[in-house]
Amino acid sequence: MFTGIVEELGEVAGVTATGGDSALVAVRGPLVTSDARHGDSIAVNGVCLTVVDVDGGVFTADVMGETLRRSALGALRTGAPVNLERAAALGSRLGGHLVQGHVDGVGEIVAREPAEQWETVRFRLPAELARYVVEKGSITVDGVSLTVAAVGADWFDVGLIPTTRQLTTLGAKGVGDPVNLEVDVLAKYVERLLGTPAPGGAR
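What you are looking at is a predicted structure, and each value in this text was computed from that prediction instead of being measured.

### Thoughts on the overall build of the protein
Across its full length, the protein carries 3 helices and 12 strands. Principal-axis analysis of the C-alpha atoms gives the protein an extent of 45 × 45 × 35 Å. Here the protein, with 203 residues, has 42% of them falling under the buried criterion. Sequence separation of at least 24 residues holds for 70% of the intrachain contacts in the protein that already meet a minimum separation of 6. Surface exposure of the protein reaches about 10600 Å², of which carbon and sulfur atoms provide 54%. Taking the average location of the 17 positive side-chain charges in the protein and that of its 25 negative ones, the two points are 4 Å from each other.

Put into structure tokens, the structure is as follows:
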């Protein structure tokens with residue numbers, strides 16, 4: 001479990017295909033590896049990955065085909081910056097919101113509108129995720145916990161403060177860039193408990 005508060009802006013040190021549709025990803029992150037051990041969880045752009053090995057500030061993780069298909073990790077290349085967060089510790093402050101690190105889909109930046117002290121960014125999201133997004137609700141974008149400022153049929157807006165732009169990948173991404181999205185898990189549980197039909201008649 002994570003909080004969506006990025007601890008470190010890391011860097012992809014290497015991506016190695018391991019056969020089939022899986023890969024071994026190496027990520028450089030001195031802070032998040034300072035106490036990392038085999039089996040620990042670290043979120044990379046919002047995707048919960050399990051540490052396989054740690055060596056000199058670089059950790060490696062296996063990424064299976066399901067993760068590559070449902071997230072934007074498959075597009076990562078050596079040298080790419082990534083948002084990193086270690087798993088939350090019980091008893092620590094919850095600065096963002098409850099984040100599982102289980103990406104629901106890939107969105108896309110469609111507009112950026114700078115203001116004097118912040119920037120409004122609009123994202124397009126898959127239609128099947130739109131029903132979970134509400135104004136003033138929480139959403140995770142590339143591992144960053146954000147508050148929804150406005151929402152439409154297939155888009156939502158967030159406001160980025162200078163700190164978020166400077167300390168995460170969201171500050172440098174441009175229109176057309178893909179992002180990992182995780183909607184608020186509480187909304188999905190409510191839907192399940194109420195038996196609300198999903199599009200297409202499925203429950």
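There is more to say after this.
### Overview of the pattern of salt bridges
Following the criterion strictly, the structure yields 13 salt bridges and no others. Measuring nitrogen to oxygen at the nearest pair gives 3.5 Å for the salt bridge that ties glutamate 11 to arginine 28. With glutamate 11 in strand S1 (residues 8-17) and arginine 28 in strand S2 (residues 23-28), this residue pair connects regions lying 17 residues apart in the sequence. Accessibility expressed as a relative area gives 38% for arginine 28, which makes it partly exposed. One salt bridge in this structure joins glutamate 108 and arginine 124, with 3.5 Å as the shortest N-O distance.

### Topic: the side chain of glutamate 85
Of note, glutamate 85 is situated in strand S6 (residues 81-86). No salt bridge is formed by the buried glutamate 85; its nearest oppositely charged neighbour, arginine 86, is found at 8.5 Å. Reaching out from glutamate 85, the side chain makes a polar contact with the backbone nitrogen of threonine 3 at a distance of 2.8 Å. Among the polar contacts listed, one links the side chain of glutamate 85 to the backbone nitrogen of glycine 4, at a separation of 3.1 Å. Those residues in contact with glutamate 85 that lie beyond four places of it in its chain are Phe2, Thr3, Gly4, Ile5, Glu7, Ile42, Ala43 and Gly143.

### Some details on the sheet that holds strand S9 (residues 138-141)
Judged by pairing direction, the barrel is antiparallel, and its 6 strands sit side by side in the order S7-S8-S11-S10-S9-S12 before closing back on the first. Going across the sheet, the axis of each strand differs from the next one's by a mean of 45°, ignoring polarity. Where S9 meets strand S12 (residues 178-183), 3 bridges bridge the pair, whose relative direction is antiparallel. In the strand pairing of S12, isoleucine 139 is matched with valine 183.

### Re the packing of aromatic side chains
Within the structure shown, the criterion is met by 1 aromatic pair. Aromatic side chains phenylalanine 123 and phenylalanine 156 sit 5.2 Å apart centroid to centroid with 20° between the ring planes, which places their arrangement in the stacked category. Of this pair, phenylalanine 123 sits in strand S8 (residues 119-124) while phenylalanine 156 sits in strand S11 (residues 155-160), and the two are 33 residues apart along the sequence. Residue class for phenylalanine 156 comes out buried when judged on its relative accessible area of 0%. The ring of tryptophan 155 carries the charged tip of arginine 122 above its face, separated from the ring centre by 3.6 Å.

### Some words on helix H3 (residues 185-194)
Measuring from the side-chain oxygen of the N-cap residue of H3 to the backbone nitrogen of leucine 186 gives 3.1 Å; that N-cap residue is aspartate 184. Of the residues one or two after H3, glycine 195 is the one with positive phi, at around 70°.

### Here's the deal with the nonpolar core
Core analysis: the largest hydrophobic core is formed by 21 residues, its most contacted members being Phe123, Val141 and Phe156. Elements represented by at least two residues in this core include exactly S8, S9, strand S10 (144-151), S11 and S12. With sequence-adjacent residues up to four places away left out, phenylalanine 123 is seen in contact with Glu108, Ile109, Val110, Val141, Asp154, Trp155, Phe156, Val158 and Val179. Among the nonpolar cores identified, the runner-up in size contains 19 residues, and Val32, Val47, Leu49 and Val82 belong to it.

The rules behind each value
Numbers given for residues are sequential positions, taken from 1 along each chain in its written order. Where totals are concerned, whole chains, interfaces and linings use all residues; where local detail is concerned, this predicted model gives features only for residues with pLDDT of at least 70, and gives and counts side-chain atom pairs only at 80 or more. Water and hydrogen atoms play no part in the side-chain values, which are based on all heavy atoms of the structure. Numbering of helices and strands starts at the N terminus; helices are DSSP runs of H or I of at least 4 residues and strands are runs of E of at least 2. Burial here depends on accessible area, computed with a 1.4 Å probe over protein chains only, as a share of the maximum for the residue type. Under 20% is buried, over 50% is exposed, and the range in between is partly exposed. Residue contacts follow a heavy-atom distance rule, with two residues in contact if any of their heavy atoms lie within 4.5 Å. Only the protein chains shown count as cover for residues, with accessible areas throughout obtained via the Shrake-Rupley method and a probe of 1.4 Å. Positive: Lys, Arg. Negative: Asp, Glu. His and the chain ends are not part of the count. The atoms used to mark charge sites are NZ of Lys, CZ of Arg, CG of Asp and CD of Glu. Salt bridge, as used here: a side-chain nitrogen of Lys or Arg that lies within 4 Å of a carboxyl oxygen of Asp or Glu. Here a polar contact is recorded for every N or O atom pair within 3.5 Å, except that within protein the pair must consist of a potential hydrogen donor and a potential acceptor, and residues adjacent in sequence are included only if both atoms are side-chain atoms. In short, DSSP must find at least two bridges between two strands for them to pair. Comment: axis = line fitted to C-alpha atoms, over the contacting stretch for helices; angle = value between 0 and 180 degrees taken between N-to-C directions. Each pair of aromatic rings taken from Phe, Tyr and Trp, with Trp reduced to its six-membered ring, is defined by centres within 6.5 Å and is described as stacked if the planes are under 30 degrees apart, edge-to-face if over 60, and tilted in the remaining cases. Whether a charge sits over a ring comes down to the Lys NZ or Arg CZ being within 6 Å of the ring centre and within 35 degrees of the ring normal. Take the buried Ala, Val, Leu, Ile, Met, Phe, Trp, Tyr and Cys residues and link them wherever side-chain atoms come within 4.5 Å; each set so joined is a nonpolar core.

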